[in-house]
Amino acid sequence: MQSYREFAAHVENLPRIYDFLATQLIERELHESLGFDLKVAVEELFTNICKYSSADRSVGRISIQITINAELVQIEMADSGHPFNPWESDDPNLDIPPEDREIGGLGIFLVKQLMDHVSYRRVDNRNISTICKNLPCISGDKE
Amino acid sequence: MSLSINRSIKSPGVIVLKIGGSLDANTSSRLEEEINDLLQTSPRSLIFDFEFLDFISSAGIRVILMAQKELLKRGASIMMVKLQPQIQKVFDIIKALPNATIFRNVEELDSYLAGMQQKFRE
């Protein structure tokens, strides 16, 4: 199952994006905690691209494609801005007390922890960032 | 889902912020304004009540950490009560809690505050 929508690159669109995600997940009756992890990852990635776009002014719109099959949920965000790989930022140093830490990088770190796989590719002058969460095996027996 | 913020005073200098809904990149600036405003009142303690907080992202955590930093700088304390498991998980992943005191429920919090009050009087 695959769904596709486009949003202006602005954080004010987050509620609409949550609705889009929730609609897809509800249809598949996926577990609530899995939905929460995906929502966090979607928020962080979308916000990251928005921030980059406001500095860059080249993005404009971000298209989101959600694919759900028996094994996984995959979410792709694409934009036509300058090359930008969100996963390249350094992981934050978590050994420093939180109030003394550099504020950046926490969101992307969080996505990497919550998702099973993240990737980036540049195709036809578009940035395509992907996040992936494996689904627990459905073997017919609900624990 | 939007953000709701409800400020109340538990006892002199002890402020409770009940945060509900979604604390994300779209809403966190509202909490930041609220905290900057209440810092003017020089609170002794700030208690975040997260019972009705359904969602948090790093933008929200940033504001909580900012509050923590400002309060500690002023010799005040920060407490959190009733974190839902998924909210707790986000804090845990980025190890954002070490200097905050966390309580599972209001009873735990109250007995802690009563102890503090006792010390304050002595």
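To start, this report covers the structure provided alongside it. No experiment lies behind these values; they were computed from the predicted model shown.

1. With respect to the side chain of A:Thr130
Tracing the sequence through the fold places A:Thr130 in strand 5 (residues 126-134). Owing to a relative accessible area of 5%, A:Thr130 belongs among the buried residues under this scheme.

2. Some remarks on helix 1 (residues 14-27) of chain A
Residues and elements named next belong to chain A. In this model helix 1 runs 20 Å from its N-terminal to its C-terminal C-alpha over 14 residues, within 8% of the 20 Å that 1.5 Å per residue would give. Those residues of helix 1 that fall on the buried side of the exposure criterion are Leu14, Ile17, Tyr18, Phe20, Leu21, Gln24 and Leu25. Within helix 1, the buried residues cover an arc of 160° as seen down the axis, which keeps them to one side. For helix 1, exposure combined with an orientation more than 90 degrees from the buried face picks out Asp19, Ile26 and Glu27. At the C-terminal side of helix 1, Glu29 shows a positive phi close to 50°.

3. Brief notes about the nonpolar core
With 71 residues, the main nonpolar core has A:Ile64, B:Leu31, B:Phe48 and B:Phe91 as its most contacted residues. Those residues in contact with B:Phe48, other than ones at most four positions away along the chain, are B:Leu17, B:Ile19, B:Leu31, B:Ile35, B:Ile64, B:Ala67, B:Ile78, B:Met79, B:Met80 and B:Val81. Counting 8 residues, the second largest nonpolar core, distinct from the first, contains B:Val14, B:Val16, B:Met79 and B:Leu109.

4. A few points about the pattern of salt bridges
With the rule as written, the count across this model stands at 11 salt bridges over all chains. As a salt-bridge pair, B:Lys89 and A:Asp37 come within 2.7 Å of each other at their nearest N and O atoms. Here B:Lys89 is found in helix 3 (residues 85-93), whereas its partner A:Asp37 is found in helix 2 (residues 32-56) on a different chain. For the salt bridge of B:Lys10 with B:Asp110, the shortest nitrogen-to-oxygen distance reads 2.9 Å. On the criterion of sequence distance, the pair formed by B:Lys10 in strand 1 (residues 3-11) and B:Asp110 in helix 4 (residues 106-121) is long-range, its members being 100 residues apart. We classify B:Asp110 as partly exposed; its relative accessible area is 32%. One network of salt bridges, in which partners are shared, links A:Asp37, A:Lys133 and B:Lys89.

5. Re the pairing of strand 1 of chain B
Residue and element names in this part refer to chain B. Across 8 bridges, strand 1 lies against strand 2 (residues 14-23) in antiparallel orientation. Counterpart to Asn6 in the pairing with strand 2 is Lys18. Between the end of strand 1 and the start of strand 2, which pair antiparallel, lie 2 residues, with Gly13 showing a positive phi angle near 85°.

6. Describing the sheet that holds strand 4 (residues 117-123) of chain A
Residues and elements named next belong to chain A. Strands sit in the order 1-2-3-5-4 across an open sheet of 5 strands; the sheet is antiparallel. Two strands lie at the open edges of the sheet, namely strand 1 (2-8) and strand 4, each paired on one side alone. Neighbour-to-neighbour, the strand axes of the sheet open up by a mean angle of 15°, direction not taken into account.

7. Notes on the interface of chain B and chain A
The interface of chain B with chain A comprises 25 residues on the first partner and 27 residues on the second. Across the chain B to chain A interface the summed buried area is about 2,200 Å²; carbon plus sulfur atoms make up 64%. Inspection of the chain B/chain A interface yields 1 salt bridge. The tally of links from chain B across to chain A stands at 5 residue pairs in polar contact (both at pLDDT 80 or more).

8. Some details on the side chain of B:Asp49
Residues and elements named next belong to chain B. Examined against the element boundaries, Asp49 turns out to sit in strand 3 (residues 45-49). The exposure class assigned to Asp49 is buried, which follows from its relative accessible area of 6%. Side-chain polar atoms of Asp49 contact the backbone nitrogen of Glu51, separated by 3.0 Å.

The rules behind these values
- Residues numbered from 1 in each chain as written.
- Chains lettered and ligands numbered in written order.
- Predicted model: local features only at pLDDT ≥ 70, side-chain atom pairs only at ≥ 80, totals over all residues.
- Heavy atoms only, no water.
- Helix = DSSP H or I, 4+ residues; strand = E, 2+ residues; numbered from the N terminus.
- Buried < 20%, exposed > 50% of the residue type's maximum accessible area, 1.4 Å probe, protein only.
- Expected span 1.5 Å × (residues − 1).
- Arc of directions from axis to C-beta.
- Core = buried A, V, L, I, M, F, W, Y, C linked by side-chain atoms within 4.5 Å.
- Contact = heavy atoms within 4.5 Å.
- Salt bridge = Lys/Arg side-chain N within 4 Å of Asp/Glu carboxyl O.
- Pairing = 2+ DSSP bridges.
- Axes fitted to C-alpha atoms, helices over the stretch in contact; angles between N-to-C directions.
- Buried area = accessible area lost by both parts, 1.4 Å probe.
- Polar contact = N/O pair within 3.5 Å; in protein donor to acceptor, adjacent residues only side chain to side chain.

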